[in-house]
Amino acid sequence: MAVLDRKFLQATWSLIREYWHSEEKWPARGLLAVIVTLNLTYVYILVLINKWFNRFYNALQNFDKEEVFSALGEFCLLAACYIIVAVYQLYLQQMLEIKWRRWMTHKYLNNWLTDRMFYRLQLTDSYTDNPDQRISEDLRLFTNYTLALSLGLLKAFVTLVSFIAILWQLSGILVIPLGSQQLVVSGYMVWVAIIYSVIGTWLAHKIGKPLARLNFDQQRYEADFRFSLVRLRENSESIAFYGGEAREERSFIARFGKVFNNYWQIMQRRKQLTWFASGYGQIAIIFPLVVAMPRYFAKEIQLGGLLQIAKAFDSVQESLSYFVSSYASIAEWKAVVDRLTGFISSMQQVSTLPQGNSVIEVGPEAALVVSDLSIDLPDGQRILSGLNLTIQAGESLLVAGPSGSGKSTLLRTLSGLWPYAQGRITIPAGHTFLFLPQRSYLPLGTLRDTLLYPGLNRPVADEEIIAAMSICKLEGLKSYLDKTEDWSHILSLGEQQRIAFVRVFIHQPDWLFMDEATSALDEATERQLYGLVQERLAGTTLVSVGHRNTLNSYHKKKLSLDGRGHWNLLVM
């Protein structure tokens, strides 16, 4: 099928082989071998049931009561085996699916989080939409469809091999008169089944080919719509203050409009495919009886033989028509694979890109040295040029300038986040660093987890946490340490910034970088917190970004940026 071209199959194999060559390969391969064995057993039972049809209906035709009840006893045994195999085949397949998904989820999460890939992707790649959706939903669909379709294909192949021999044997010879000559066709029912299935597969492909692209778009539109709803929840207070409900509703309706319109196209295409598949399947029920009936009326076969031929024909044509019955699933599977391979390709491209020409290295001196550093925006606009700066351990520096002058971008560059920079940055060896953004991140979990984020390599007693909360004027929250809430919605911006200072006093970093970390605080609280930092963390080097003139008194040096590449360093 053209939808499963060579490039697609190579991409799919690259996704599949990782797990089957991983550290879990032997348990996975063993489990797969059991599942394959159960599939083969399942087909063998179907062969036995096919033979049973001949025995049972011949006995009915001959009014052989004893043989009928004997055949019914045999059927009960076959049915019991069928049920057992079917149950454990499904159970073990689901077990393998969830184990495979777990391994892939851990791997993709690690790749997405390592080297700040999640951040670099959104800076440098605009084509990877909703990576979280690809990890959560697409991996689930990939493991589900890959196992279901591949095992289904195996079952179809084994069924074909098993029943084509039976059908060939049962078909006999068809003699077609051609004038004075005769055409003798051996195993004619097999050739009829092949022709019937080939025509059906070709028509199904012509009808269902657009589904691959439609399913790809549908997953993207659904993810975009869900993401917009999540953003409303995360920013509910700001939207409520703005009175932006109507604007948000228009945005939701526009996004859902894409979901609706694309799904409508999928519905139309699936309706056409269902029309064909249903008709194709219904014709297949009666078609073999019609074709084999002349031999029955000629008394060459009995009723049991006629029904056995019909069942064998059905098994052969169903196996040959596997792509007809599975086309919708195959199209959706292809869309999932395309999304995952696109995600992987984006991560690989971003990982091979140099993180700018700036080089961050570790030096022996207790100082941060910036040499000939230039910073650009993604569009190439230069916002800082030729910065040379040395910050000794224990010093304090204020980075100031108008909005958009590159103050926050300079901090991102010093932390290794910003890729559009050239120059050299030397950081002191063995020192700890802590960066405080303007809006502090509050993870989901208990308040204790939030205060200790991102974690320490030592145990922290409650007394230490509560003491840090008290000096940051958060003592009223001490009874909620082990309560789980969405703290980013419960706490005000000022409280969230004070949470960040609690982290500072608990972590006690050697270097502290703050990006307008007190912008939501009143001047008295700001003065108190800066005073506590200078008092309790006297050896900590402080680098602040801010607009307020009140910050001048807490720093010994001031770096002013104008956003056009120029800078000026003053000693205060």
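Treat the numbers as computed from the prediction; the structure is a model and nothing was measured. (Residues numbered from 1 in each chain as written. Predicted model: local features only at pLDDT ≥ 70, side-chain atom pairs only at ≥ 80, totals over all residues. Heavy atoms only, no water.)

S.K.: Could you give an account of the layout of surface pockets, naming the residues involved and the relevant values?
M.R.: The method is simple in principle: a probe with the dimensions of a water molecule rolls over the atoms, and the space it marks as empty is what remains. Volume-wise, the second largest pocket comes out at about 660 Å³. What lines the second largest pocket is a set of 25 residues, and nearest its centre among them are Tyr 42, Leu 46, Lys 155, Thr 159 and Glu 318. Among the elements of the structure, helix H2 (25-61), helix H3 (65-113), helix H5 (131-171), helix H10 (303-320) and helix H11 (322-325) are those that each provide at least two residues to the lining of the second largest pocket. Class assignment for the residues of the lining of the second largest pocket results in 11 nonpolar, 10 polar and 4 charged. (1 Å grid on protein atoms, 1.4 Å probe; cavity = no way out; pocket = protein on both sides within 12 Å on 5 of 7 lines; lining within 4 Å. Points joined across faces, edges and corners; volume = space filled by probe spheres on them. Helix = DSSP H or I, 4+ residues; strand = E, 2+ residues; numbered from the N terminus. Nonpolar A, V, L, I, M, F, W, Y, C, P; charged D, E, K, R; others polar.)

S.K.: For the packing of aromatic side chains, give the residues involved together with the corresponding values.
M.R.: Per the counting criterion, the structure on display carries 31 aromatic pairs. An angle of 15° between the planes, with centres 5.8 Å apart, marks the rings of Tyr 19 and Trp 100 as stacked. On the criterion of sequence distance, the pair formed by Tyr 19 in helix H1 (residues 6-20) and Trp 100 in helix H3 is long-range, its members being 81 residues apart. Residue class for Tyr 19 comes out buried when judged on its relative accessible area of 2%. An angle of 20° between the planes, with centres 4.6 Å apart, marks the rings of Tyr 196 and Tyr 280 as stacked. Residue Tyr 196 is located in helix H6 (residues 188-208), and its partner Tyr 280 is located in helix H9 (residues 245-297); the two are separated by 84 residues in the primary sequence. Given the relative accessible area of 9%, Tyr 280 is considered buried. Grouping aromatic residues by their ring pairs yields a cluster made of Tyr 19, Trp 20, Trp 100, Trp 103 and Phe 142. A cation over an aromatic ring shows up here: Arg 29 above the ring of Trp 26, its NZ or CZ 4.9 Å from the ring centre. (Phe/Tyr/Trp six-rings, centres within 6.5 Å; stacked < 30°, edge-to-face > 60°. Buried < 20%, exposed > 50% of the residue type's maximum accessible area, 1.4 Å probe, protein only. Lys NZ or Arg CZ within 6 Å of the ring centre and 35° of its normal.)

S.K.: Now, about helix H13 (residues 407-414): what can you tell me, with residues and values included?
M.R.: Across the 8 residues of H13, 6 count as buried, placing the element largely inside the fold. Where H13 is concerned, the buried positions are Lys 407, Thr 409, Leu 410, Leu 411, Thr 413 and Leu 414. Positive phi shows up at Gly 416, right after H13, with a value of about 85°.

S.K.: How would you sum up unusual backbone geometry? Please name residues and give values.
M.R.: For the bond from Tyr 453 to Pro 454, the omega torsion is 0°, close enough to zero to count as cis. As for its placement among the helices and strands, Pro 454 is situated in the loop between helix H14 (447-452) and helix H15 (462-471). Positive phi, close to 55°, is recorded for Phe 63, a residue that is not glycine. One can find Phe 63 in the loop between H2 and H3. The phi torsion at Asp 372 lies on the positive side, around 50°, for a residue other than glycine. Checked against the element boundaries, Asp 372 lands in strand E4 (residues 367-376).

S.K.: Kindly report on the domain arrangement of the protein chain, identifying the contributing residues and their values.
M.R.: Partitioning the protein chain into domains gives domain 1 (1-160) and domain 2 (358-571). Taking the mean C-alpha position of each, domain 1 and domain 2 sit 51 Å from one another. Facing 4 residues of domain 1, the contacting portion of domain 2 comprises 7 residues. Where domain 1 abuts domain 2, roughly 480 Å² becomes buried across the two surfaces, and 60% of that area is made up of carbon and sulfur atoms. Applying the counting rule to domain 1 against domain 2 returns 0 salt bridges. (Domains from an automatic or database assignment. Contact = heavy atoms within 4.5 Å. Buried area = accessible area lost by both parts, 1.4 Å probe. Salt bridge = Lys/Arg side-chain N within 4 Å of Asp/Glu carboxyl O.)

S.K.: Could you give me a rundown of the UniProt feature "transmembrane region" (unreviewed entry) in the protein chain, with the residues and numbers involved?
M.R.: Cross-referencing UniProt, the feature "transmembrane region" (unreviewed entry) maps to residues 30-49, 69-92, 145-168, 188-205 and 273-293 in the present numbering. Annotated as 100% helix and 0% strand, the span residues 273-293 places its first and last C-alpha atoms 30 Å apart. (UniProt positions renumbered as here; feature names shortened; annotations may be inferred.)

S.K.: Let's hear about the pattern of salt bridges: which residues, and what values?
M.R.: Applying the stated rule across the entire model yields 18 salt bridges. In this structure, Lys 334 and Asp 338 form a salt bridge, with 3.0 Å as the shortest nitrogen-oxygen distance. Of this pair, Lys 334 and Asp 338 both sit in helix H12 (residues 327-352), 4 residues apart, which is roughly one turn of that helix. The buried category is assigned to Lys 334, whose relative accessible area is 15%. Where salt bridges share partners, they join Arg 55, Glu 67 and Glu 74 into one cluster.

S.K.: So what's going on with the sheet that holds strand E11 (residues 511-515)? Residues and values would help.
M.R.: The sheet built from 6 strands is open, its strands ordered E8-E11-E12-E6-E13-E14 with mixed pairing. Either end of the sheet is taken by a strand with one partner, and the two such strands are strand E8 (433-436) and strand E14 (567-571). For this sheet the average axis-to-axis angle between neighbouring strands, irrespective of direction, equals 15°. Its contacts with the sheet put helix H17 (residues 493-507) on E8 and E11, and the angle it makes with E8 is roughly 175°. (Pairing = 2+ DSSP bridges. Axes fitted to C-alpha atoms, helices over the stretch in contact; angles between N-to-C directions.)

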